[in-house]
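Summary of the model geometry
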Amino acid sequence: MARPVPLLRSDFSHIVALDTRWSDNDLYGHVNNVQYYSYMDSVVNRYLITEGGLDIHTGKSIGLVVDSGCSYFAPVAFPDVLEAGLRVLTLGKSSVRYQVAIFQKGGDAAVAQGHFVHVFVDRESRQSCPIPSRLRESLEKLAVLAE
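Keep in mind the model is a prediction, meaning the values are calculated, not measured.

Criteria and cut-off values
Residues numbered from 1 in each chain as written. Predicted model: local features only at pLDDT ≥ 70, side-chain atom pairs only at ≥ 80, totals over all residues. Heavy atoms only, no water. Helix = DSSP H or I, 4+ residues; strand = E, 2+ residues; numbered from the N terminus. Buried < 20%, exposed > 50% of the residue type's maximum accessible area, 1.4 Å probe, protein only. Polar contact = N/O pair within 3.5 Å; in protein donor to acceptor, adjacent residues only side chain to side chain. Contact = heavy atoms within 4.5 Å.

Tracing the chain through its elements places H115 in strand 5 (residues 112–122). By relative accessible area, which is 16% here, H115 ends up buried. In terms of polar contacts, H115 uses its side chain to reach the side chain of D67, at 3.0 Å. Apart from the residues within four sequence positions on either side, H115 is in contact with M40, D67, S68, G69, R97, Y98 and Q99.

Rendered as structure tokens:
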């Protein structure tokens, strides 16, 4: 299997700041791999809430993660300041595949990058449902052509 190539900041139109926390470091002195999943989840959900109007507390539909993965290229450690790029690779009727890259503040190449897939479901029945229109419109703004 070929190793992924780090994405570049210029591959993303949506970039947000991320702060590392003391508790993100592990015994080896760098941010532990599991924290990157938390970063990705936070970046995506912040966008869904602020730009897409997702109501995480009482909304009719919610997004469930059904697939995720991450590749690591360079270590970072607290108190590094990071930035994340977010884009949408695939947007279906009820699902979306995001790609998130983590950069050191001002850095050009990703120190880590990953993906995850949300399937939107009815909050009560947990049956798949169409992505709400306002949310879909916000996701379309991040969509990129297939690579």
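The next point concerns the side chain of H118. Here H118 lies in strand 5. Accessibility expressed as a relative area gives 2% for H118, which makes it buried. A distance of 2.8 Å separates the side chain of H118 from the side chain of Y98, its partner in a polar contact. Residue contacts for H118: discarding those within four places in its chain leaves V44, N45, L48, G63, L64, V65, S94, S95, V96 and Y98.

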